[in-house]
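# Structure assessment
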Amino acid sequence: MANTGPAAQSTAHAKMPAGWENGAMTTPETSASHSPSTPALALLLDVDGPVASPVTRAVQPEIIADLLALAEAGIPVIFNTGRSAAFIREQVMEPMIAAGMPSSILIHAICEKGAVWFSYTSTGPGAVHVDHDLAIPSAFGDDIRRLVAEDYASHMFFDETKLAMVSVEQHISVDNSDYRAEQQLFDADAMDLMGRHGLGVVRLDHHAPDSDDRIDYRVDPTIISTDIESVRLGKDLGASRAVELLAAQGVTPQAWRTVGDSRTDYAMADWLHHNDHPVKHIDVRPADGVPVKPYEVLTAADLGLGDDIIHDDAGAAFLRSWRRALLG
Ligand SMILES: [Mg+2]
């Protein structure tokens, strides 16, 4: 699970659209000729929460339509997610193509918190890139798969689509509070397993260094999953890749909007601000409290909406507001 393998690589290459040579980050001619080099905005979007419903994990048709309209107008749309490339293909790329994605559009997807990335057009996905230095050792992943099958299969499943991270996710059919209780037990077992594999690990405020006193991995519990990953992964890494992918196209946005539903999503805006890219962050689930930041943070209240408009409903409202502001 922790590597792409020749089969996965060849599949990715076989689906490469015209103009994508050897998986390089080349841009199809159609896109380059239509993309402004200094668009007014670029959108860097967490997926679970602001784009995909955390309940159904699907994407509203209105969100797909607004993403397409903004992208067609030359606004870079970039996903920055902990999800796998396979998830983004199924839940985001395929609905966009099915909705009539124009051939001029190139969408970038940074997956697995920056360890994996690919781009797609109306003809499908380009090569899937994996930073193998950031992948979890496959022997450890195999043990987690076994642990889930033996002790936790009633509440959660092992995500077989991850190429660098190890993720174990709540079954949709299970009540979230039941899952959260079981997740505590799973996380403790996973930490024990990492110790037996000699992997230094941190979970929240719990530190368990390896024998060299190093911490290379973290266990990150989210509300619907536990992610086990290199400490070098994060939404900040995804943001840096986003800037690189646009730079490779000759695109320098005048300003960025980052959108997320978790505290960790602020790392996108933190990184952009720190590197002198004008940015505002949109928090679609501000119930945890909005931290003080050196850049502007917006919530649905800034659109005149109530506290009950959260998750993808808030994400949809912001996409619509940008579409109206930029396209009339
Ligand atoms: Mg999220």
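Right above here is the structure, for reference.
Residues numbered from 1 in each chain as written. Predicted model: local features only at pLDDT ≥ 70, side-chain atom pairs only at ≥ 80, totals over all residues.

## With respect to helix 3 (residues 61–72)
If you check helix 3, its first and last C-alpha atoms are 16 Å apart, about what twelve residues at 1.5 Å a residue would give, namely 16 Å. For helix 3, every residue scored as buried is listed here: Ile63, Ile64, Asp66, Leu67, Leu68, Leu70 and Ala71. (Helix = DSSP H or I, 4+ residues; strand = E, 2+ residues; numbered from the N terminus. Expected span 1.5 Å × (residues − 1). Buried ≥ 20, exposed ≤ 12 C-beta atoms within 10 Å, placed from the backbone.)

## Looking at unusual backbone geometry
Phi angles above zero are rare outside glycine, and Asp213 is one such case at about 65°. Counting through the fold element by element, Asp213 comes out in the loop between strand 10 (206–208) and strand 11 (217–221). You can call Asp213 exposed: it has 7 C-beta atoms within 10 Å. The phi torsion at His311 lies on the positive side, around 50°, for a residue other than glycine. With respect to the helices and strands, His311 occurs in helix 9 (residues 311–327). The class for His311 is partly exposed, based on 19 C-beta atoms found within 10 Å.

## Section: the environment of Tyr179
Along the chain, Tyr179 turns up in helix 6 (residues 176–196). Between the C-alpha atoms of Tyr179 and Tyr152, which are 27 residues apart in sequence, the distance is 9.9 Å.

## Examining the pairing of strand 2 (residues 77–80)
With burial as the criterion, each face of strand 2 is covered, one bearing Val77 and Phe79 and the other bearing Ile78 and Asn80. Direction of pairing for strand 1 (residues 42–45) relative to strand 2: parallel, over a ladder of three bridges. If you follow Leu44 over to strand 2, its bridge partner there is Ile78. One ladder, built from three bridges, connects strand 2 with strand 3 (residues 107–111); its direction is parallel. Pairing of Ile78 across the sheet is with His108, part of strand 3. Handedness of the crossover is the feature at issue here: the chain leaves strand 2, passes through helix 4 (residues 85–98), returns alongside strand 3, and the resulting connection is right-handed. (Pairing = 2+ DSSP bridges. Right-handed = clockwise from strand over helix to strand, strands pointing away.)

## Considerations on the packing of helix 7 (residues 235–248) against helix 8 (residues 266–274)
Close contact between helix 7 and helix 8 brings their axes to 7 Å; oriented N to C, the two are set at 50°. Relative to helix 8, the element helix 7 lies oblique. In this structure, helix 7 crosses over helix 8, and the sense of that crossing is right-handed. For the pair helix 7 and helix 8, the contacting residues are Lys235, Asp236, Gly238, Ala239 and Ser240 in the first and Ala267, Met268, Asp270, Trp271 and Leu272 in the second. Within the contact of helix 7 with helix 8, the residues separate by chemical class into five nonpolar, two polar and three charged. (Axes fitted to C-alpha atoms, helices over the stretch in contact; angles between N-to-C directions. Parallel < 35°, antiparallel > 145°, perpendicular 65-115°, else oblique. Left-handed = near helix turned anticlockwise from the far one by under 90°. Contact = placed C-beta atoms within 7 Å. Nonpolar A, V, L, I, M, F, W, Y, C, P; charged D, E, K, R; others polar.)

## Observations regarding the nonpolar core
In this structure, Leu43, Leu44, Leu67, Ile78, Ile88, Ala109 and Val116 are the most contacted members of the largest nonpolar core, which totals 84 residues. The two domains that each donate at least three residues to this core are domain 1 (5–128 + 235–327) and domain 2 (135–162 + 166–230). Excluding anything up to four places from it in sequence, Ile78 contacts Ala42, Leu43, Leu44, Leu45, His108, Ile110 and Ala242. (Core = buried A, V, L, I, M, F, W, Y, C linked by C-beta atoms within 7 Å. Domains from an automatic or database assignment.)

## A word on helix 5 (residues 138–152)
In this model helix 5 runs 20 Å from its N-terminal to its C-terminal C-alpha over 15 residues, within 8% of the 21 Å that 1.5 Å per residue would give. For helix 5, the complete set of buried residues consists of Phe140, Gly141, Ile144, Val148 and Tyr152. Buried residues along helix 5 cover an arc of 100° about the axis, so they all sit on one side. With respect to the buried face of helix 5, the exposed residues turned more than 90 degrees away are Ser138, Ala139, Arg146, Ala149 and Glu150. On its buried face, helix 5 is in contact with strand 7 (156–158), strand 8 (166–170), helix 6 and strand 12 (225–230). (Arc of directions from axis to C-beta.)

## Re the sheet that holds strand 12
What the six strands build is an open sheet, ordered 7-8-12-11-9-10; its pairing is mixed. The open sheet has two edge strands with one neighbour each: strand 7 and strand 10. Neighbour-to-neighbour, the strand axes of the sheet open up by a mean angle of 15°, direction not taken into account. Pairing between strand 9 (residues 201–203) and strand 11: three bridges, direction parallel.

## Looking at the packing of helix 3 against helix 9
The axes of two packed helices give the description: the angle between them and the distance between them. Running from N to C, helix 3 and helix 9 point in directions that differ by 30°, and their axes come no closer than 9 Å. Between helix 3 and helix 9 the crossing geometry is left-handed. Contacts from Glu62, Ile63, Asp66, Leu67, Ala69 and Leu70 of helix 3 reach helix 9 at Asp312, Gly315, Ala316, Leu319, Arg320, Trp322, Arg323 and Leu327. When the residues that make up the contact of helix 3 with helix 9 are grouped by side-chain class, the tally is eight nonpolar, one polar and five charged.

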